[in-house]
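Spelled out, the chains give:
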Amino acid sequence: MSETVEERRRRPLDNDILTLPIQAEEQGEAAYPPTSSLDLRRSADAGVAFGGGAHYCIGATLARLEGRIAIEALVSRFPEMELAGPAVFAPRPSIRKMTSLPVRLRPARA
């Protein structure tokens, strides 16, 4: 990601999702920290919802895209990934929340 950010600094694009915050930061305006990490060690109680209505997360689309990219990269790197046990869900009647999904990772065979 850092290579892409540096490329946008050198060659900005009009109305680009990276160029705009980079330019804002360079001009001393409000900027935000990078979003681009998946913390598999985070607390099992941490929520990952995007809210709703007027409070719907403005970055939800970007977060979904990042999740898709991360999962595609994981599957690409470990095409023989397989379940190592059953999925475990939290005992919450109104929200289905997976708390554990054990998998066995094996790199692609050469």
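Residues numbered from 1 in each chain as written. Predicted model: local features only at pLDDT ≥ 70, side-chain atom pairs only at ≥ 80, totals over all residues. Heavy atoms only, no water.

> Requested: an account of the pattern of salt bridges, with residues and values cited.
For the coordinates displayed, the defined rule picks out 8 salt bridges. E82 serves as the salt-bridge partner of R104, at 2.8 Å between the closest nitrogen and oxygen. Of the two residues, R104 is situated in strand β4 (residues 103-104) and E82 in strand β1 (residues 82-83); the sequence distance between them amounts to 22 residues. Taking the relative accessible area as the measure of exposure, E82 reaches 32% and is therefore partly exposed. Note that R106 and E82 form a salt bridge whose closest N and O atoms lie 3.1 Å from each other. Here the residue R106 occupies a position in the segment after β4, and E82 occupies one in strand β1, the gap between them amounting to 24 residues. Several salt bridges converge on common partners, so that one network encompasses E6, R9, E25 and E26. (Salt bridge = Lys/Arg side-chain N within 4 Å of Asp/Glu carboxyl O. Helix = DSSP H or I, 4+ residues; strand = E, 2+ residues; numbered from the N terminus. Buried < 20%, exposed > 50% of the residue type's maximum accessible area, 1.4 Å probe, protein only.)

> Quick rundown of the environment of A87? Include the residues and the values.
Relative to the elements of secondary structure, A87 occurs in the loop between β1 and β2 (88-89). For the pair A87 and T99, spaced 12 residues apart in sequence, the C-alpha separation works out to 7.8 Å. Contact partners of A87, with chain neighbours within four places excluded, come to M98, S100 and L101. (Contact = heavy atoms within 4.5 Å.)

> Mind laying out the environment of R8, listing which residues take part and the relevant values?
Mapped onto the elements of the fold, R8 is located in helix α1 (residues 2-10). Along the sequence, R8 and I22 sit 14 residues apart, while their C-alpha atoms lie 7.9 Å from each other. With near-sequence residues (within four places) excluded, R8 lies in contact with L13, D16, L18, T19 and I22.

> Run through helix α2 (residues 19-26), naming residues and quoting values.
All of the buried residues in α2 are T19, P21, I22 and A24. Tucked into the core, α2 has its buried residues touching α1. Positive backbone phi, at 80°, marks G28, one or two positions downstream of α2.

> So what about the packing of α1 against α2? Which residues, and what values?
One can describe the packing of α1 onto α2 by two numbers: an axis separation of 10 Å at closest approach and a directional angle of 70°. With respect to α2, the element α1 is oriented roughly perpendicular. The two elements α1 and α2 meet at a crossing, and its hand is right-handed. Mapping the contact onto sequence places V5, R8 and R9 in α1 and T19, I22, E25 and E26 in α2. In terms of residue class, the contact of α1 with α2 is built from 2 nonpolar, 1 polar and 4 charged. (Axes fitted to C-alpha atoms, helices over the stretch in contact; angles between N-to-C directions. Parallel < 35°, antiparallel > 145°, perpendicular 65-115°, else oblique. Left-handed = near helix turned anticlockwise from the far one by under 90°. Nonpolar A, V, L, I, M, F, W, Y, C, P; charged D, E, K, R; others polar.)

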